[in-house]
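A closer look at the structure
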Amino acid sequence: MWVFTKNLMIHKLFNWRLIVSTNKSITTRETILIEACKLVGREGVSHLTLEGVAKEAGMSKGGLLYHFPTKDTLIKEMINYVMELSNNHIEEHAALEENDPGKWLRGFANSSFEQGGLRFLMSSGLLATMLSNSEWVESWRERYVEWHQKIENDHNDLILGYIVFLAVDGLWYADLLGLNPPQGELRQKILETLIKLTKMEGLGEEPDRQM
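Residues numbered from 1 in each chain as written. Predicted model: local features only at pLDDT ≥ 70, side-chain atom pairs only at ≥ 80, totals over all residues. Heavy atoms only, no water.

The protein has the name TetR family transcriptional regulator in an unreviewed UniProt entry, where Bacillus canaveralius is given as its organism.

This is the structure:
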């Protein structure tokens, strides 16, 4: 269980509100998903009950069951929701980049380095829960297949593209799991180096890929 300082909690809550509420109001369904993710992040998945989520969302259990008839349905949609938010955040960052090779990778890197709010929603507890069910893992894997296709369409050098992607993704998981990720100036220099790599023409010939 992570212990957050008050200021960090406020920072994370502020960030997810910015990410979730961009250009649209939050629906009742989204409110339930957000509160459920917050509950798991704060108290662990063992405390995830339909009654508890309904209380956090300020509604009756019957109102919650209208949107999510079972706990498994709720968990699956929590995972899909956080993944969709993450993808939208990446695309918003990529849209700000110049239309040069590596545009999507730069969006992915900048977004992932900023996603404190999404890491608050996608807690280690929710990740562990996802890994316990092959169906939930499959929905996560499908998103990665989409992202890998983005890499192949985005960069001139597939090897270089995957190096950047895997480095960024590894840091995201280090942050999520609290595995002593780099912070401060070192973290910023790592990001700047990865961004520079996305602008390189390439490392050499492409390898033969095994299908």
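Once you've had a look at it, read on.
1. Thoughts on the environment of Trp104
Going by this rule: A run of DSSP states H or I qualifies as a helix once it reaches four residues; a run of E qualifies as a strand once it reaches two. Both are numbered from the N-terminal end. Buried means the residue's accessible area, taken with a 1.4 Å probe over protein chains only, is under 20% of the maximum for its type, while exposed means over 50%, and partly exposed covers the values in between.
As for its placement among the helices and strands, Trp104 is situated in helix α6 (residues 103–114). Under the relative-accessibility criterion, Trp104 is labelled buried at 5%. The sequence separation of Trp104 and Thr198 amounts to 94 residues, and the corresponding C-alpha distance is 9.2 Å.

2. Some remarks on empty space enclosed by the protein
Stated precisely, the cut-off is as follows: Of the grid points, spaced at 1 Å and generated over the protein atoms alone, those admitting a 1.4 Å probe that cannot get out make up cavities, while open sets with protein on both sides within 12 Å along at least five of seven lines make up pockets; any residue with an atom within 4 Å of a point is treated as lining. Grid points are joined across faces, edges and corners, and a volume is the space filled by probe spheres set on the points.
Across all of its chains, the model carries one cavity of 30 Å³ or more by this definition. One number sums up the size of the largest cavity: a volume of about 100 Å³. The wall of the largest cavity is formed by 12 residues, among which Ser86, Tyr144, Trp147, Asp169 and Trp172 lie closest to the centre. Only α5 (71–95), α6, α9 (134–154) and α10 (158–177) provide two or more residues apiece to the lining of the largest cavity.

3. Some details on the UniProt feature "DNA-binding region" (unreviewed entry) in the protein
Here is the rule: UniProt positions are given in the numbering used here, feature names are shortened, and annotations may be inferred rather than shown by experiment.
What UniProt calls "DNA-binding region" (unreviewed entry) maps, in this numbering, to residues 49–68. Between the C-alpha atoms that bound residues 49–68 the distance is 12 Å, and the span itself is 75% helix and 0% strand.

4. Brief notes about the packing of aromatic side chains
Note the following rule: Pairing of aromatic rings covers Phe, Tyr and Trp, the last through its six-membered ring, and needs centres within 6.5 Å; plane angles under 30 degrees mean stacked, over 60 mean edge-to-face, and all others mean tilted.
Here the structure, examined in full by the defined rule, presents nine aromatic pairs. Between Phe108 and Phe165, the ring centres sit 4.7 Å apart and the planes meet at 20°, which makes this aromatic pair stacked. On the criterion of sequence distance, the pair formed by Phe108 in helix α6 and Phe165 in helix α10 is long-range, its members being 57 residues apart. Taking relative accessible area as the criterion, Phe108 reaches 2% and is therefore assigned buried.

5. So, the side chain of Ser112
Position of Ser112 among the secondary structure elements: in helix α6. Here Ser112 falls in the buried class, since its relative accessible area comes to 6%.

6. Observations regarding the pattern of salt bridges
Should their charged atoms come close, side chains of opposite charge can pair. Quick note on the threshold: Salt bridge criterion: a side-chain nitrogen from Lys or Arg within 4 Å of a carboxyl oxygen from Asp or Glu.
Within the structure shown, the criterion is met by 13 salt bridges. Residue Arg141 pairs with Glu138 through a salt bridge whose shortest N-O separation is 2.8 Å. On the criterion of helical spacing, the pair formed by Arg141 and Glu138 is a turn pair, its members being three residues apart in helix α9. Note on Glu138: relative accessible area 31%, which makes it partly exposed. Connected through shared salt-bridge partners, Arg42, Glu43 and Glu56 make up one network.

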